[in-house]
Structures are given as structure tokens and as C-alpha cells.
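Architecture at a glance
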Protein chains: 2
Amino acid sequence: MAVHAASTTVVPAAELRSFAAKVARTVGVPEEDATAIADGMVWTELRGVDIGIKRLTTLVSRIRAGGTRADPRPAVIRESASFAVLEGHEAWGQVTSVRAMRLAIAKAKSTGVGACVVRDTGNSLAMGYYPWLATQEGLIGLAITNAIPLQGPWGSTRKLLGNNAYALGCPAGRHAPIIFDAATTTLSWVGIHEYEARHEPLPPGAALAADGRPTTDPAEALAGILLPAGGHRGFGIALMWEILSGVLSGGEHFAPLPDDNGAAAVANQSTFLLALDPSKSMPHATFLERVDTLIDRIHACPPVPGNERVLFPGERGAEVAAVREREGIPLAPVRVNELRALSHDLGVELPRSLA
Amino acid sequence: MAVHAASTTVVPAAELRSFAAKVARTVGVPEEDATAIADGMVWTELRGVDIGIKRLTTLVSRIRAGGTRADPRPAVIRESASFAVLEGHEAWGQVTSVRAMRLAIAKAKSTGVGACVVRDTGNSLAMGYYPWLATQEGLIGLAITNAIPLQGPWGSTRKLLGNNAYALGCPAGRHAPIIFDAATTTLSWVGIHEYEARHEPLPPGAALAADGRPTTDPAEALAGILLPAGGHRGFGIALMWEILSGVLSGGEHFAPLPDDNGAAAVANQSTFLLALDPSKSMPHATFLERVDTLIDRIHACPPVPGNERVLFPGERGAEVAAVREREGIPLAPVRVNELRALSHDLGVELPRSLA
């Protein structure tokens, strides 16, 4: 499988993880949180999604500007047997989401289901990482975040709701875990930037220009609004996710959350993490076998012409990750330059493969 | 608001509820379950959705044919503090889903979150009714069902997954509860039958014919497959819903569940019900006020041309229900004839307005 082009530099995952953790520690992030941040960023890179290590520069600039606190000591402020509220104190989103998912996992193992809602935190990067953490403990997981307003309620072009990305995961036995990671909009904000970078038009039906006209121009879409995935359904899901995150947490909702350009502005994001322990329903081995059978039945479906085979959500990512664990993570020149700048700036030694 | 045409007969909700409960009792359904069945059917009719009272005939024929058991005594076979598994013993789906949601509600009030998964049960009709039950207790609710295979995994035209309908609900203060009720496909099976009955073509992108061609012909779509809402996202959600219902329950998954034509065949459906108590996060009045503010901000959005105003999910249904509670439920001649046939067949006295 071709996972990188000739112009890229290949870095072993362990080296990249170690570098990212050192950078975070250097700007004041405690050891445990720095490890969590680096793990999540490298997990994303391993799966071929470019929203991991690129955010290391954002982390540093936000901590320096004061929009993100390096050592905020997030605290559980409400707790019952299967539910908790976490005050993020403007921590980096990965830090709170990992803590919240671990708390949800512990509660699920005890009571069957556990949920934790977080307020006053920042961007959690790839949402799929958090249910994946649950699958590593044998549990089903759900992660939801609210975000910068980018879409309108159904039937309006006023920006009110974010992508409100979410992810669900389920462990399997012989197979990789199922990880379904989605935005509630047809395209994510990150996705539109990628079309723009490639100078490609958007697929029709993904966005409206600021004046309400349908557009396939990435620049017009970035100035306009995103359309929900599945029409009114995408709006319905985004609204319920806003309730489970921004409303239920006591944090901001429909908030003018700052984007990466506002490094000094607090993020005020909220997240919702849930875990469910299937071993409360049946022996765990039986559950894993049932999931494997489900996956086998998906694989046995004939693909439409042009498709080699039928995949389950998360399968491609797991395959790419297996290759990259073995062969290293390819980084585009722009990423390598960012890491070199961080190394120079903070005096953190570059991975050998980049030095 | 015009809620019925001249050819319809108008029945007070209380009369229709009483008639439906008597019919259910006459075929052997215990008092409490008969009341639950009638409540759910009339709730649906009040909201202008024609999948309520039309199923009364199905209930009777399935109980007579043996596909549904009238008095199956559904039993909790696994239970932990926030999770339970209910064996449905081929009960009518409304019976088990109401019990399961009540159990989830009780667990949520105790621990914060409660979930109940049901196996070996039948069709639960409108999924919105179950989170609505949660909202009546001040809770957030989620209901999921698996169903007859109608859609393929993404990238295949083999029927494998059902509509896998689901609904989420949230209580509000000044406003009606938010009730978001959706199928994971672009159109529901019921929706396609409605297009067929009106002799209208389907919207493009909703279905493929049996040979894999895109089609807008309802008959071709009924013989072919439905396409997921939001493309691969609809498949991802449907798959996760199949895991939370059919797999987690220990029941059938991706099952050739019988449709209404197979009254003697057991249904083997599974459902998943979850409730969450927002008063575990903040005082309940504060939560309701926050939801009201959210709704006010939706209402304040300017509508696109041609739309009178911007609505939240469940708002139209609540408005229709308020009118119908006051003025009665309009029934089409075909429904009135079904009720007359049931009355004649079972010796249950017709509502006065139909006699």
C-alpha cells in the first residue's frame, strides 16, 4: 500500500510521539497530559488524517497567548454513579476528553454505562480517538464536541451550529475496532480547507455562499455556511449534540468559539463522552464474536462496480495505521518545517529522522 | 391551521385511545400493556404521522397468527446499576420499548444515565414516542431500533441493514420538548409507500433499483434498496445502531425480520433505550431555561425565502397535537373502515363519532 509520496519525510511513530510530548512539556504541560496529547496526535497521523501533529504549533501558540492553559487542573464538579461534569478550566481539548473518557469508562465498568460532560475546554482534534480508547478497554464509546458555528438551523442561512463532530466505536475480536467518525455537515471545515488547498471545487450540496446561493467554491463556502449531512437530519443531530455538550455541561452553546486565529481567546468548547460495557449484557468473548460475524457479513457483500471491496468504518484507518506503525509516518514538507521551527524555538531536539 | 380534509372523520383522542386499548385487551393483551399500546398509537396520530392507529389491525392479526404474543411477560435477564437487558418473548414492540424506557428512566434518576436493550420483540412504531416519555420525566432520551434489511453497507447493493430508525428528545421549559425522529436512510420505508400511494416520484438519491441503477420510481425502490442519509454517514450510524440493538441485545442482527405480511413469523427485532438526567449536571430549572434560550436563538434566525419561520425538531408535531387534542383526530376513510372491521370482528364498541 502506497502511504506516502516521494517528497515526504518518514518519521517512526515513537520518535514523533516523543517529540510532541517533549514540546508540550516544554511549554508547561504536565507529563501525563503531554503524553495524552502526543498519543492522540500520533494516533491521528498513523491513520492518515492530517489533523494531528499540525496542531502542535497551535498548542504552543495558544498556551503562549493565554487562550489555552498549560496546567489547568480540570476538576470533576458534579458526580453520580454513572455521570460526571468536568470543568476544563480552558485546558487543551485532548487533555479533558481523555480524562472524561477514562472517567466514563470507569463508570461503565462499574454500572454498565458511564457519561462525562466537559465544559470550558478546547478543540479535541480527531473525535475517533476517544471511542477508540473505549474499545481498547473492551467497551463501546461515543464522543461528541460542539464547535465554531458553521451551519444554520434547517431553513435558515444564519451561522448558529458547529460541525459538531462525533464518533462511535465498538471493539471486535479478529477484526480492528469499528470507528465511525463524522461531522454533522456534508463536509467538515477541515475538508473544505483541503479542497481549497488542492484548488478543487466542492461536491454540490455541501455549502451556501454568504448570500444564500449554493456554491461549490471553497472560498465562497468558507465565507458562507456549510449544509448539514442528510438535510434536516444533520441539523437534528447537530442540535442534539449541542444539547449534550454545550447545554448539558453548563458551558457556552451556539457560541462564537474562536478558531485557530484567535490564540489568545478562550475556546469555551464542550464535549460529551459516553462508554458502555457490553460484558454487562453477555460474556465479553461472545460479544466480540458477534461483532466479528457482523463484520464478516459486511465483507461478504458484493461491492458496486469500481469498488474493490466493502469496508466497515475505521477499517481503512486501521490498515494504514498498521503500515505506518511498521514503516513510519510520512510527513509533508510543510509539517516538517513546522516541527523544525518548534525545535528551534523551544530547544527540543528533533527526531533523528528529521535532524 | 388546516389539519384535515373534508373526506375525513374526526375522532376525539380519548375515544380513539379507549377503543384501541379495548381492542388490544380483547385479543389478550394485559390492561397495562394495552394502555401503553393505545397511548403510543394515539400520540402518533395526534402528531399527524400515519403509523399509529393503522397498526391496530396488524397487532390483532399478528397476535392471532402467533407472530406476536399477547401476554409474553417480558423479563429483565441481566441488570446492573445503569444497564439492563430485557428478553421480549416476542411481545409487541411498543410494550417492550415502553417498559425498557421506564427502566432506563428509573436508572438515570438514580445513577445519572440508564440504558436498556431489548431482544426478541416486534415493531415499536414511532420511535419519537420513547424519548418523549423521557422528556415528560424531565430527562433526555434516545431510542433506537433495528429493522427489516432495506439498505446495503456503503459501497454495496446487497440488502443488509434496516432503516434502523432512532429518535432523541430533550425537555424544554416554555417550549415543547425537542423530539428529533429520523431514519438512517434518506427516505423511510413508510415514506416510500407514501410516495407510491400519491403516485409521485421519489427525490433523486433516495434509492437504487434491484439492478443497482439509481431510481426515482417507488415500485423499483421497494424492490431495490434504500440509500443512507448523508451517504456513508447514514451507513455508519445504521451500523452502530445495529450493534447497540441487535448485537448488544444478544438477539438477531442483520436479520431477515418479517414485515407486516408475515403475521405468523416472529419479529426478532431489538431496541436500545437510553435516558440521561440533566439534573445531575445543574438545577433542573436552569437546564430547562438553557434549552429555552437555545430554542429562542433558533427561532430568531431569519428563514430562507419561502419558509415562514425556522422550527426546531418536534415543534410542528407539537403544534398539530395541540390542535388535535382540542379538535379531534382526523381519520381517512381507509382508517375508519379498518376500525369498523375491528369493531365488528371483535365485538368492541366503536367510538361514538364513528358509530
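This text gives an overview of the structure that appears in the document. (Residues numbered from 1 in each chain as written. Chains lettered and ligands numbered in written order. Predicted model: local features only at pLDDT ≥ 70, side-chain atom pairs only at ≥ 80, totals over all residues. Heavy atoms only, no water.)

1. Observations concerning the overall build of chain A
Applied cut-off: By definition, any uninterrupted DSSP run of H or I lasting at least four residues is a helix, any uninterrupted run of E lasting at least two residues is a strand, and each is numbered from the N terminus. When we talk radius of gyration, it's over C-alpha atoms, and the globule rule is simply 2.2 Å times the number of residues to the 0.38. For each residue, the accessible area found with a 1.4 Å probe, counting protein chains only, is set against the maximum for its type, and the residue is called buried under 20%, exposed over 50%, and partly exposed in between. Any two residues whose heavy atoms approach within 4.5 Å are treated as being in contact. Charged-residue counts in this description rest on Lys and Arg as positive and Asp and Glu as negative, His and the chain ends being excluded. Working definition for charges: the position is that of NZ of Lys, CZ of Arg, CG of Asp or CD of Glu.
Secondary structure summary: chain A contains 11 helices and 12 strands in total. The C-alpha radius of gyration of chain A comes to 20 Å, within 12% of the 20 Å expected for a compact globule of 355 residues. Viewed in the frame of its principal axes, chain A has a C-alpha envelope of about 55 × 50 × 50 Å. Scored against the burial criterion, the 355 residues of chain A give a buried share of 61%. In chain A, once contacts between residues fewer than 6 apart in sequence are set aside, the share between residues at least 24 apart is 67%. Distance between charge centres in chain A, computed from 32 positive and 36 negative side chains, equals 2 Å.

2. Quick word on empty space enclosed by the protein
Put simply, the rule reads: Put plainly, a pocket is an open set of points on a 1 Å grid over the protein atoms alone with protein on both sides within 12 Å along at least five of seven lines, a cavity is a set where a 1.4 Å probe fits but cannot get out, and a lining residue has an atom within 4 Å of a point. Grid points are joined across faces, edges and corners, and a volume is the space filled by probe spheres set on the points.
Throughout the structure, instances matching the rule amount to five cavities of 30 Å³ or more. There is about 240 Å³ of room inside the largest cavity. Lining the largest cavity are 18 residues, and of these Leu142(A), Leu274(A), Leu142(B), Phe272(B) and Leu274(B) sit closest to its centre. Those elements that provide at least two residues to the lining of the largest cavity are strand E5 (140-145), helix H8 (232-247) and strand E11 (269-276) of chain A together with strand E5 (140-145), helix H8 (232-247) and strand E11 (269-276) of chain B. If one sorts the elements of the lining of the largest cavity by residue count, E11(A) sits on top with four residues.

3. So, the interface of chain A and chain B
Applicable threshold: Accessible area, probed at 1.4 Å, shrinks when two parts are joined; the buried area is that loss added up over both. By definition, a salt bridge exists where a carboxyl oxygen of Asp or Glu is found within 4 Å of a side-chain nitrogen of Lys or Arg. Nonpolar residues are Ala, Val, Leu, Ile, Met, Phe, Trp, Tyr, Cys and Pro. Charged residues are Asp, Glu, Lys and Arg, and all others, Gly as well, are polar.
Counting residues at the interface gives 73 residues for chain A, matched by 74 residues for chain B. Summed over both sides, the interface between chain A and chain B buries roughly 5900 Å², with carbon and sulfur atoms accounting for 70% of that surface. Of all residues in chain A, Arg233(A), Arg290(A) and Leu294(A) bury the most surface against chain B, accounting for 11% of the area lost on that side. Run the count over chain A and chain B and you get zero salt bridges. Considering each element in turn, the side of chain A that touches chain B owes the most residues, 13 residues, to H8(A). Its residues placed into classes, the side of chain A that touches chain B shows 45 nonpolar, 21 polar and seven charged.

4. Comments concerning the relation of the copies chain A and chain B
Let me state the cut-off plainly: Here the copies are matched by least squares. The fit uses the C-alpha atoms of residues with pLDDT of at least 70 in both.
With an RMSD of 0.0 Å, chain A superimposes on chain B once it is rotated by 180 degrees and translated 0.0 Å along the axis. Taken together, these values place the two copies in the relation of a two-fold axis. The position closest to the rotation axis in chain A is occupied by the C-alpha of Gly230(A), lying 2.0 Å away. Interface overlap between copies: 100% of the residues of chain A at the interface are likewise at the interface in chain B, consistent with a symmetric, same-surface contact.

5. What about helix H5 (residues 129-136) of chain B?
All names here are of chain B. Of all eight residues making up H5, seven are buried, and the element is well covered by its neighbours. For H5, the complete set of buried residues consists of Tyr129, Tyr130, Pro131, Trp132, Leu133, Ala134 and Thr135. On the buried face of H5, the contacting elements are helix H2 (31-46), helix H4 (93-111), E5, strand E6 (166-170), strand E7 (178-182) and E11.

6. Side note on the side chain of Ser80(A)
Mapped onto the secondary structure, Ser80(A) falls in strand E2 (residues 75-80). We classify Ser80(A) as buried; its relative accessible area is 15%. Ignoring sequence-local partners within four residues, the contact set of Ser80(A) consists of Lys107(A), Thr111(B), Gly112(B) and Lys280(B).

7. Quick look at the packing of helix H3 (residues 55-65) of chain B against helix H11 (residues 333-346) of chain B
Residue and element names in this part refer to chain B. The condition is simple: Axis definition: a line fitted to C-alpha atoms, over the contacting stretch in the case of helices. Angles run 0 to 180 degrees between N-to-C directions.
Running from N to C, H3 and H11 point in directions that differ by 40 degrees, and their axes come no closer than 9 Å. Where H3 abuts H11, its residues Leu56, Thr57, Val60 and Arg64 lie against Glu338, Leu339, Leu342, Asp345 and Leu346. A class-by-class count of the residues in the contact of H3 with H11 yields five nonpolar, one polar and three charged.

8. Details of the sheet that holds strand E10 (residues 225-226) of chain B
All names here are of chain B. Put simply, the test is: Two strands make a pair as long as DSSP finds a minimum of two bridges between them.
With antiparallel pairing, three strands are arranged side by side in an open sheet as E9-E8-E10. In the strand order of this sheet, the two ends are held by strand E9 (214-215) and E10, each with one partner. In the sheet, strand E8 (residues 207-208) pairs with E9 via two bridges, with the strands oriented antiparallel. Across the sheet, residue Ala207 finds its bridge partner in E9, namely Thr215.

9. Describing helix H2 (residues 31-46) of chain A
Residues and elements named next belong to chain A. As a reminder of what qualifies: Given a helix with a known number of residues, its expected span is that number minus one, times 1.5 Å.
Between its first and last C-alpha atoms H2 spans 22 Å; for 16 residues at 1.5 Å apiece the expected length is 22 Å, and the two agree. Among the 16 residues that make up H2, 12 are buried, leaving the element largely enclosed by the rest of the structure. Taken together, the buried positions of H2 are occupied by Asp33, Ala34, Ala36, Ile37, Ala38, Gly40, Met41, Val42, Trp43, Thr44, Glu45 and Leu46. Elements that come into contact with the buried residues of H2 comprise helix H1 (13-26), helix H3 (55-65), helix H4 (93-111), helix H5 (129-136), helix H10 (315-327) and strand E12 (329-331). Where H2 ends, the next residue or the one after it, Gly48, has phi of about 80 degrees, a positive value.

10. Some details on the sheet that holds E6(B)
Whenever strands of a sheet pair, they do so through backbone hydrogen bonds, lying parallel or antiparallel. Residues and elements named next belong to chain B. The sheet built from seven strands is open, its strands ordered E2-E3-E4-E11-E5-E6-E7 with mixed pairing. The sheet is open, and its two borders are formed by strand E2 (75-80) and E7, each paired with just one other strand. Neighbouring strand axes in the sheet, compared pairwise and without regard to direction, differ in orientation by 10 degrees on average.

11. Digging into the pairing of E5(B)
Residue and element names in this part refer to chain B. In terms of residue burial, E5 counts as a mostly covered element, since six of its six residues are buried. Here E5 shows no split at all, with Ile140, Leu142 and Ile144 on one side and Gly141, Ala143 and Thr145 on the other all buried. Of the pairings in the sheet, the one linking E5 to E11 comprises six bridges and is antiparallel in character. From the neighbouring strand, Ile144 faces E11, where its bridge partner is Phe272. Here E5 pairs with E6 via four bridges, running antiparallel. Bridge pairing in E6 links Ile144 to Tyr166.

12. Things to note about the environment of Ala143(A)
Position of Ala143(A) relative to the elements: it lies in strand E5. Each residue touching Ala143(A), except ones within four places of it in the same chain, is listed here: Met127(A), Tyr130(A), Pro131(A), Ala165(A), Tyr166(A), Ala167(A), Phe272(A) and Leu273(A).

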